[in-house]
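Summary of the model geometry
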Amino acid sequence: MTSTLDGGKAQKYVPAPADDESGDYAQLLDDLSDASVRRNFDPYIDIDWDAPHMAVVPNDPRWVLSTEADPIGRSDWYKSLPLEKQIEVGMWRQANVAKVGLQFESILIRGLMQYSFKLPNGAKEFRYTTHEAKEECNHTLMFQEFVNRSGMDVPGAKLGHRLISPFVPLASTIFPTIFFFGVLGGEEPIDHIQKDFLRTGSKLHPTMAAVMQLHVAEEARHISFAHNLLRETVPAKGRIQRFLLSLVFPIVMRVLCGAIVVPPKEFQRRFDVPDSVMKEMFWRSEDSKAFLHNVFGDVRMLGDQCGLMNPVSRRIWKAMGIDGRSSRFRSEPLYRAA
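Computed from a prediction, not measured in an experiment: that's the story for all the values here.

This part takes up the overall build of the protein. Counting secondary structure elements, the protein contains 15 helices and zero strands. Its C-alpha radius of gyration of 20 Å places the protein within 12% of the 20 Å reference for a compact globule of 338 residues. Projected onto its principal axes, the C-alpha positions of the protein cover 60 × 45 × 45 Å. Scored against the burial criterion, the 338 residues of the protein give a buried share of 56%. Long-range pairs, those at least 24 residues apart, make up 80% of the contacts in the protein with a sequence separation of at least 6. When the accessible surface of the protein is summed, it comes to about 15,800 Å², and 56% of that surface belongs to carbon and sulfur atoms. One finds the centroid of the 41 positive side-chain charges in the protein at a distance of 6 Å from the centroid of its 42 negative side-chain charges.

Next up on the list: a nonpolar patch on the surface. Among the surface-exposed residues, L159, L163, I164, F167, V168 and L170 lie close enough to one another that they form a single nonpolar patch of about 590 Å² accessible area. Structurally, the position occupied by L163 is in helix α6 (residues 159–164).

Turning to helix α13 (residues 286–295), its buried residues are S288, F291, L292 and V295. Angular distribution of buried residues about the axis of α13 spans 95°; they occupy a single face of the element. Looking at the buried residues of α13, the elements they touch are α8 (176–199), α10 (239–261), α12 (275–284) and α14 (297–306).

Here we come to the nonpolar core. Ranked by size, the top nonpolar core spans 88 residues in total, and within it W77, F180 and M253 carry the most contacts. Considering each element in turn, this core owes the most residues, 13 residues, to helix α4 (residues 83–117). If sequence neighbours within four positions are ignored, F180 has contacts with L112, Y115, F225, A226, L229 and L230.

Here we come to the packing of α8 against helix α9 (residues 206–233). Running from N to C, α8 and α9 point in directions that differ by 145°, and their axes come no closer than 9 Å. For the pair α8 and α9, the sense of crossing is left-handed.

In this approach the atoms are scanned with a rolling probe the size of a water molecule, which exposes any empty space left behind. Overall, the coordinates contain one cavity of 30 Å³ or more when judged by the stated rule. If you add up the space inside the largest cavity, you get close to 190 Å³. Lining the largest cavity are 16 residues, and of these V97, I193, Q194, F197 and M212 lie nearest its centre. At the level of secondary structure, the elements contributing two or more residues to the lining of the largest cavity comprise α4, α8, α9 and α10.

With that out of the way, let us pick up the pattern of salt bridges. Pairing between side chains becomes possible if they bear opposite charge and their charged atoms approach one another. A complete count under the given rule lists 13 salt bridges for this structure. Between R62 and D60 there is a salt bridge whose closest N-O contact spans 2.8 Å. On the basis of relative accessibility, which here comes to 29%, the residue R62 falls in the partly exposed class. The exposure class of D60 is buried, given its relative accessible area of 6%.

A few words on the confidence of the model for the protein. Across the protein, pLDDT averages 89, with 91% of residues at or above 70. Here residues 7–22 is modelled with pLDDT under 50, and outside its nearest four sequence neighbours on either side it reaches 32 contacts, counting other chains as well.

On to a positive patch on the surface. Together, K158, K265, R269, K279 and R284 give the surface a local cluster of positive charge. Elements represented by at least two residues in the positive patch include exactly α11 (265–270) and α12. In this fold, K265 is placed in helix α11. Taking relative accessible area as the criterion, K265 reaches 53% and is therefore assigned exposed.

All chains considered together, the criterion is met by 13 aromatic pairs. Connected via pairs of aromatic rings, a cluster forms that spans Y115, Y128, F179, F180 and F225.

We now examine the layout of surface pockets. By volume, the largest pocket amounts to about 550 Å³. Taken together, 23 residues form the lining of the largest pocket, with F104, I107, H161, V168 and L256 sitting closest to its centre. Mapped onto the lining of the largest pocket, the elements with two or more residues apiece are α4, α6, α8 and α10. Taken together, the residues of the lining of the largest pocket sort by class into 17 nonpolar, four polar and two charged.

Between α12 and α13, the least distance of the axes is 6 Å, while the angle of their chain directions is 35°. Only E286, S288, K289, F291 and L292 of α13 make contact with α12, whose side of the interface consists of E280, M281, W283 and R284. Residue composition of the contact of α12 with α13, grouped by class: four nonpolar, one polar and four charged.

On to the side chain of S116, then. Looking at where S116 falls in the secondary structure, it is placed in helix α4. A distance of 3.2 Å separates a polar side-chain atom of S116 from the backbone oxygen of M113. In contact with S116, other than residues within four places in its own chain, are F126 and T129.

Rules used throughout
- In this convention, every chain numbers its residues from 1, walking through the sequence in written order.
- Side-chain atom pairs in this predicted model are given and counted only at pLDDT of 80 or more, local residue features only at pLDDT of at least 70, and totals for whole chains, interfaces and linings cover all residues.
- Hydrogens and water molecules were not included; the side-chain quantities draw on all heavy atoms of the structure.
- Working definition: helices are DSSP H or I runs of at least four residues, strands are E runs of at least two. Numbering for both runs from the N terminus.
- Only the C-alpha atoms count toward the radius of gyration. The rule for a globule is 2.2 Å times the residue count to the power 0.38.
- Classification of residues uses two cut-offs on accessible area relative to the type maximum, computed with a 1.4 Å probe and protein chains only: under 20% is buried, over 50% is exposed, and between them is partly exposed.
- Working rule for contacts: check all heavy atoms of both residues, and any pair within 4.5 Å makes them a contact.
- Residue burial considers only the protein chains on display, and all accessible areas are found by Shrake-Rupley using a 1.4 Å probe.
- His is not counted, nor are the chain ends; Lys and Arg add positive charge and Asp and Glu add negative charge.
- Charged groups are reduced to one reference atom each: NZ for lysine, CZ for arginine, CG for aspartic acid, CD for glutamic acid.
- Patch construction takes residues with relative accessible area above 30% that form no salt bridge. Like charges are linked within 9 Å, and nonpolar side chains (Val, Leu, Ile, Met, Phe, Trp, Tyr) are linked within 5 Å.
- Any carboxyl oxygen of Asp or Glu within 4 Å of a side-chain nitrogen of Lys or Arg constitutes a salt bridge here.
- To obtain the arc, one takes the directions from the helix axis to the C-beta atoms.
- Side-chain atoms within 4.5 Å link the members of a nonpolar core, which is a set of buried Ala, Val, Leu, Ile, Met, Phe, Trp, Tyr and Cys residues.
- Every axis corresponds to a line fitted to the C-alpha atoms, with the helix fit spanning only the stretch in contact, and the corresponding angles, defined between N-to-C directions, vary from 0 to 180 degrees.
- Crossings are assigned a handedness: left-handed for a near helix turned anticlockwise from the far helix by less than a right angle, right-handed for a clockwise turn.
- With a 1 Å grid laid over protein atoms only, a set of points is called a cavity when a 1.4 Å probe fits there but cannot get out and a pocket when it is open yet has protein on both sides within 12 Å along at least five of seven lines; lining residues have an atom within 4 Å of a point.
- Grid points are joined across faces, edges and corners, and a volume is the space filled by probe spheres set on the points.
- Looking at any residue, its pLDDT shows the predictor's confidence there, from 0 to 100.
- Ring pairs are drawn from Phe, Tyr and Trp, using the six-membered ring of Trp, whenever the two centres fall within 6.5 Å, and their geometry is named by plane angle: stacked under 30 degrees, edge-to-face over 60, tilted for the rest.
- Basically, the charged four are Asp, Glu, Lys and Arg, the nonpolar ten are Ala, Val, Leu, Ile, Met, Phe, Trp, Tyr, Cys and Pro, and anything else, Gly included, counts as polar.
- Polar contact is defined as a pair of N or O atoms within 3.5 Å, subject to the rule that within protein one atom must be able to donate a hydrogen and the other to accept it, and that residues adjacent in sequence are counted only when both atoms are side-chain atoms.

Following this line, the structure appears as structure tokens:
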């Protein structure tokens, strides 16, 4: 099944066959697959969950949220809480982000399996997407283990997102380009936040730090694959298709960023957070606006490379609050004046 928006009869995407030597894309798929074999992680081998320093104990200040890397941690509301409450909120927040990550990875696994199911014999994408799905399964195990050990009974994503989750993987075969937009819309915010935590040297609990380090290491491959697949396939589409995709691109990014970063209603009820505070944290404060501008620098760079940036789509990026300078290279750090 194809559509004008993503595919179309004249522009239906056929993955590169195994013997395709027409460019760097085929070699990149081989390299990513080889890297998945040579450098992979198992959360029950590479994380020493039962080590004494990994124990979750009451009143541990390392659960306090970063004032640099987390929208809640930056808020005046959070900073005004007593230390005990900051620790509780921090534990809940970090456990819930892990649960959201688990739910997103679960959707991604199902979508990758749907996508690979329809690939022809010899398609190099089959091997890599299957490697990636295996790694994402390990990530779901890791996230759930972290949630269980935190002792926080968190729901993860908002109810509406959880209800539609069984249908999202179908997009991988009906609208594959939009599905991979969604892959980046979910992976880039998580990757951005985790790298910010690690770069700022936040005093993370060792369990959270271990989870982030393992996840960031493998997500680099997953994000690279999505970027390169889109760079390979989108420019080959017709002008009308590219224009329509250019309008969808920022919308997918903004919707999924909210789904990943904004906590569900249970957070507001449990910690009695006023509506005005929630609106300030997501996304009225200057700090939260800056976060939205910064989080998709790599994706805007991809949009430039794929021909998805035009006067109309740029207006949508701006209206969504996610416009800004494109990255010069993937994972470019943010530079602040001294």
